[in-house]
Structures are given as structure tokens and as C-alpha cells.
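Spelled out, the chains give:
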Amino acid sequence: MKRIIEKWYISLIATPILFTYLTNYYTLPKLFSDWRITILLCLTIFCSILLVELRIKREEIKLLKSELKPSDVKALNRLLKKLDVNAFEEDICNNDAWNGYRQNTVSSIIDYQHASRLTKNEILDDNINLALGKFNHKLEKFTDFMGYHVSGHPAGFLVPYKYGDKEKAKAESEKMNELSSEAHIEFKALMKLLKEKGVV
């Protein structure tokens, strides 16, 4: 009933019929006695109200889309936990590849990448999906390159091949630093967006 009352303006459609009927019994001003003018007036008012309602509904939909669903928050928190944000920034982004990377941190990155592929369709927010996609792309470029240019060390590190051609190893280290910096830029953009959305 409430919805019907809220849509009172639909009754404007019946107004020309009512005025035409009344002109048979009463003398009305020209505006109301000519049914064509009455129809035009009623349709103009009706369309104006519909346009206002459409604008309000669009704003409501925009607001709803900007709010994260609980399932999105849950999936994002799960991904960030897999990545181990602090270790990623400290051991990968702010570390020189020449010194090597902790195996545990690299393992957490691989776990994150696997989880990220599995949750690809879980997150509904378009902006977050775009930021995640950019970060994941840069991170994959880094891990793909790193995987071919480091070897295990007994201390629990993955280090460049320093024992052969040192110049080549230095060039490869610089490339890894460049790729990790690119991934870090996208990571910071993602974290900024997540802070704005209230996830972290």
C-alpha cells in the first residue's frame, strides 16, 4: 500500500478523463476544458516526476555499488593474509635483490598468487578488481623473472647466481629490483583504495 501511495503521480494519467467528464456538468477554465491541453500538461508533469525519480534511483544504485559487500571484505582479507603484507614490503619491495629474498616471503607470494586466481570472480567491486589485476600482473612479471635467476641458499634465502658471471648477476638483480618496484607501486595504489573502502 505504501508503494502505491508513493507513486501517486501515476494517477495523473486519469486526470484528463476526469476533467473531460467534469466539463459535461460544470464550466471549467480553458486549460482544463480542452482535453488535449490537459493531456499535454499531465504528461509533462508525469515525465518530469519520472525523470527526478530516475535520477534519485541512479544515485542510490551508485551509492550501493560503492559499498563493499561482506563477501568482498572477507575475500580481500584472506588474500592479504596470504600475502603477508609487512614481509612483502620489507623483504621484497624495500630489499636489494643482490642480498637475496627470504624463502618464506617468496612462498607466501606464491600462495597469494594461487589464492588470487581462485578468488578472481568472488570480488564484485570493479575498482578493486582493476587494482588487484594491475598488482597481480606486475607481481607475476616479478616472480616469473625471479624464478629463473635465483637459487636456494642454506640460510633460507633465494639469491642471484653470483658465483658465475658477476656482471650478469648484477644486471639480473637490477632487473629484479625494477620489477619489484613496479609491483610495489601497484601494491601501494591497491592499499590506498582498500583504505578508502575501509577494508584495511
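Residues numbered from 1 in each chain as written. Predicted model: local features only at pLDDT ≥ 70, side-chain atom pairs only at ≥ 80, totals over all residues. Heavy atoms only, no water.

**A short note on the overall build of the protein chain**
Alright, step 1. Scanning the protein chain from terminus to terminus reveals 9 helices and 3 strands.
Alright, step 2. When its helices and strands are written in sequence order, the protein chain yields α-α-α-α-α-α-β-α-α-β-β-α.
Alright, step 3. Put simply, 71% of the contacts in the protein chain that link residues at least 6 apart link residues at least 24 apart.
Alright, step 4. Looking at the protein chain as shown, the accessible area adds up to about 13600 Å², and 59% of this sits on carbon and sulfur atoms. (Helix = DSSP H or I, 4+ residues; strand = E, 2+ residues; numbered from the N terminus. Contact = heavy atoms within 4.5 Å. Areas by Shrake-Rupley, 256 points an atom, 1.4 Å probe, with all protein chains shown as cover.)

**Focus on the pattern of salt bridges**
Alright, step 1. The final tally for this structure, using the stated rule, is 5 salt bridges.
Alright, step 2. Between K197 and D125 there is a salt bridge whose closest N-O contact spans 3.2 Å. Of this pair, K197 sits in the segment after α9 (166-196) while D125 sits in the loop between α7 (103-118) and α8 (126-149); the two residues are 72 residues apart in sequence, bridging distant segments of the chain.
Alright, step 3. Classification of D125 by relative accessible area gives buried; the value is 6%.
Alright, step 4. We note a salt bridge from E182 to K138, for which the minimum N-O separation is 3.7 Å. Here K138 lies in helix α8 and E182 lies in helix α9, a separation of 44 residues in the sequence.
Alright, step 5. Using a relative accessible area of 25% as the deciding quantity, one classes E182 as partly exposed. (Salt bridge = Lys/Arg side-chain N within 4 Å of Asp/Glu carboxyl O. Buried < 20%, exposed > 50% of the residue type's maximum accessible area, 1.4 Å probe, protein only.)

**Details of the pairing of strand β2 (residues 150-153)**
Alright, step 1. Alignment of β2 against strand β3 (residues 157-160), held across 4 bridges, turns out to be antiparallel. Its bridge partner being in β3, V150 is matched across the sheet by P160.
Alright, step 2. Where β2 hands over to β3, the hairpin turn is made up of 3 residues, of which G156 adopts a positive phi near 90°. (Pairing = 2+ DSSP bridges.)

**A closer look at the nonpolar core**
Alright, step 1. Residues F88 and F135 are the most contacted members of the largest nonpolar core, which totals 35 residues.
Alright, step 2. If one sorts the elements of this core by residue count, α9 sits on top with 8 residues.
Alright, step 3. Residue contacts for F88: discarding those within four places in its chain leaves L83, C93, T105, I109, F135, L139 and F187. (Core = buried A, V, L, I, M, F, W, Y, C linked by side-chain atoms within 4.5 Å.)

**Description of the layout of surface pockets**
Alright, step 1. Looking at the largest pocket, its volume works out to about 270 Å³.
Alright, step 2. Going through the elements one at a time, α7 and α8 are the ones with two or more residues in the lining of the largest pocket. (1 Å grid on protein atoms, 1.4 Å probe; cavity = no way out; pocket = protein on both sides within 12 Å on 5 of 7 lines; lining within 4 Å. Points joined across faces, edges and corners; volume = space filled by probe spheres on them.)

**Some details on the packing of aromatic side chains**
Within a pair of aromatic rings, the relevant descriptors are the distance that separates the centres and the angle that separates the planes.
Alright, step 1. With the rule as written, the count across this model stands at 5 aromatic pairs.
Alright, step 2. Judged by centre distance (5.3 Å) and plane angle (50°), the ring pair of F135 and F187 falls under tilted. Within this pair, whereas F135 is found in helix α8, its partner F187 is found in helix α9, the two being separated by 52 residues in sequence. In this pair, the class of F135 matches that of F187, namely buried.
Alright, step 3. Among the aromatic residues, those joined into a cluster by ring pairs are F88, Y112, F135 and F187. (Phe/Tyr/Trp six-rings, centres within 6.5 Å; stacked < 30°, edge-to-face > 60°.)

**Re the sheet that holds strand β1 (residues 101-102)**
Alright, step 1. Taking strand neighbours across the sheet as the criterion, the 3 strands line up as β1-β3-β2 in an open arrangement whose pairing is antiparallel. Two strands in the sheet have a free side with no partner beyond their single neighbour: β1 and β2.
Alright, step 2. In the packing of α9 onto the sheet, the strands contacted are β1, β2 and β3, and the crossing angle to β3 comes to about 120°. (Axes fitted to C-alpha atoms, helices over the stretch in contact; angles between N-to-C directions.)

**Digging into the environment of K141**
Alright, step 1. With respect to the helices and strands, K141 occurs in helix α8.
Alright, step 2. As a C-alpha pair, K141 and A183 span 42 residues in sequence and 8.6 Å in three-dimensional space.

**Focus: the packing of α7 against α8**
Alright, step 1. Their axes nearest at 11 Å, the elements α7 and α8 cross at an angle of 135°. On the basis of the axis angle, α7 is oblique to α8. The hand of the α7/α8 crossing is left-handed. Here V106, I109, Y112, Q113, S116 and R117 of α7 come into contact with α8, specifically with L132, F135, N136, L139, E140, T143 and M146. (Parallel < 35°, antiparallel > 145°, perpendicular 65-115°, else oblique. Left-handed = near helix turned anticlockwise from the far one by under 90°.)

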